[in-house]
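Structural overview
Below, each chain spelled out in residue letters.
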Amino acid sequence: TFDSIIQFHEGSPNTSLGMRMGLILLDIEIVKMYPFFGLEDGLLPTFDKFKEKIPILTNEIYELKRLPGSHSEITANLTRKGIILGLFALFCLFIYPMKFFVSRLFDKNIEVKKLAMIGVSVVVIILISSFGTQVFHFKMTSTFWGYFLAMFFASIFRIEKNIS
């Protein structure tokens, strides 16, 4: 990975990391061009329009973006939905669950603490992996994520209700 970073820094996107960074740069340009409502998959402007703004862009990176889309859940939400709805989606996917679990890390009840610790751990893992791939779009984990959050939220609420 360190070699990939050096190669990317030297202008060669021909590694997995370099291609992902190229895709992120491409996503940033799309957000700049379509900040309010985003850009639907498959409606990408021409390669030449981006090449002048992103010198490291290759045809391969462009085709990766054009066909399967972004390789980052974070930038994918911003490019597809625009800044406001994209940030709202990211808030619902990551920030609210993290806030919910972190607020219970120091609870007096040991069961709530344990559930909160697992919740924080899973949110962090999913968040980190979402920088490099579309966790919910490509990997089809949306259902898992919904069930996970529902089960953990319900378990914590049940314990809190029984305590009070």
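Residues numbered from 1 in each chain as written. Predicted model: local features only at pLDDT ≥ 70, side-chain atom pairs only at ≥ 80, totals over all residues. Heavy atoms only, no water.

1. As for the packing of aromatic side chains
This is how the line gets drawn: For Phe, Tyr and Trp, where Trp contributes only its six-membered ring, two rings pair if their centres lie within 6.5 Å, and the inter-plane angle classes them as stacked under 30 degrees, edge-to-face over 60, or tilted in between. Numbering of helices and strands runs from the N terminus, with a helix taken as a DSSP run of H or I at least four residues long and a strand as a DSSP run of E at least two residues long. Each residue is assigned to one of three classes by its accessible area relative to the maximum for its type, calculated with a 1.4 Å probe on protein chains only: buried under 20%, partly exposed between the two thresholds, exposed over 50%. Criterion for a charge above a ring: Lys NZ or Arg CZ within 6 Å of the ring centre, and within 35 degrees of the ring normal.
Within the structure shown, the criterion is met by 13 aromatic pairs. Ring geometry for phenylalanine 148 against phenylalanine 152: centres 4.4 Å apart, planes inclined by 35°, an arrangement best described as tilted. Here phenylalanine 148 pairs with phenylalanine 152, and both are found in helix H7 (residues 142–163), just four residues apart, close to one helical turn. In this structure, phenylalanine 148 and phenylalanine 152 share a single accessibility class: buried. An aromatic cluster is present here, built from Phe91, Tyr96, Phe100, Phe101, Phe144, Trp145, Phe148, Phe152, Phe153 and Phe157 joined pairwise through their rings. Lying across the ring of phenylalanine 100, arginine 104 places its NZ or CZ 3.9 Å from the centre.

2. Quick notes on helix H4 (residues 59–66)
Our working definition: Of all possible arcs, the one meant is that of the directions from the helix axis to the C-beta atoms.
Among the residues of H4, those classed as buried are Ile61, Tyr62 and Lys65. Buried residues of H4, seen end-on, are gathered within an arc of 100° and therefore sit on one face of the element. Among the exposed residues of H4, those pointing more than 90 degrees away from its buried face are Asn59 and Glu60.

3. A short note on helix H6 (residues 110–129)
For clarity, the threshold we go by: Expected helix span is taken as 1.5 Å per residue step, with the number of steps being one fewer than the number of residues. Any two residues whose heavy atoms approach within 4.5 Å at even a single point are treated as in contact. Side-chain atoms alone can form a polar contact between residues adjacent in sequence; in general such a contact is a pair of N or O atoms within 3.5 Å, and within protein one must be able to donate a hydrogen while the other accepts it.
Here H6 is 20 residues long and its end C-alpha atoms lie 29 Å apart, about the 28 Å a rise of 1.5 Å per residue gives. Residues of H6 that are buried: Val112, Leu115, Ala116, Gly119, Val120, Val123 and Ile126. Each buried residue of H6 sits inside an arc of 140° when the element is viewed along its axis, so together they form one side. The outward face of H6, more than 90 degrees from its buried face, is lined by the exposed residues Ile110, Lys114, Met117, Ile125 and Ile128. Each element contacted by the buried residues of H6 is listed here: helix H5 (73–102) and H7. Near the N-terminus of H6, the side chain that reaches the backbone nitrogen of glutamate 111, with its oxygen 2.7 Å away, is that of asparagine 109.

4. Quick notes on the side chain of aspartate 27
By the element assignment, aspartate 27 lies in helix H2 (residues 16–33). Judged by relative accessible area, which is 1%, aspartate 27 ranks as buried. Aspartate 27 has contacts with Lys65, Ser70, Thr75, Ala76 and Thr79, leaving out every residue within four places of it along the chain.

5. Focus: the pattern of salt bridges
Rules: Counted as salt bridges are all cases of a side-chain nitrogen of Lys or Arg within 4 Å of a carboxyl oxygen of Asp or Glu.
Considering all chains together, one arrives at four salt bridges under this definition. The closest approach of N and O atoms between arginine 104 and glutamate 160, which form a salt bridge, is 2.8 Å. Of this pair, arginine 104 sits in the loop between H5 and H6 while glutamate 160 sits in helix H7, placing them 56 residues apart in sequence. A relative accessible area of 15% means that arginine 104 is categorised as buried.

6. Examining the packing of H5 against H6
Where we set the bar: Structural elements are reduced to axes, namely lines fitted to C-alpha atoms, with helices fitted over the stretch in contact, and the angle between N-to-C directions of any two is expressed from 0 to 180 degrees. Geometric relationships in this document are graded by angle, where less than 35 degrees denotes roughly parallel, more than 145 denotes roughly antiparallel, 65 to 115 denotes roughly perpendicular, and other angles denote oblique. By convention the crossing between two helices is left-handed if the near helix lies anticlockwise of the far one by an angle smaller than a right angle, and right-handed if it lies clockwise. Ten residues, namely Ala, Val, Leu, Ile, Met, Phe, Trp, Tyr, Cys and Pro, are considered nonpolar, four, namely Asp, Glu, Lys and Arg, are considered charged, and the remaining ones, Gly among them, are considered polar.
As a packed pair, H5 and H6 sit with axes 8 Å apart at the nearest point and diverge in direction by 160°. Comparing the axis directions of H5 and H6 gives the class roughly antiparallel. Seen along the crossing, H5 lies across H6 with a hand that is left-handed. Contact residues: Ile74, Phe94, Pro97, Met98, Phe101 and Val102 in H5; Leu115, Ala116, Gly119, Val120, Val123, Val124, Ile126 and Leu127 in H6. A breakdown of the residues in the contact of H5 with H6 according to their chemical character gives 13 nonpolar, one polar and no charged.

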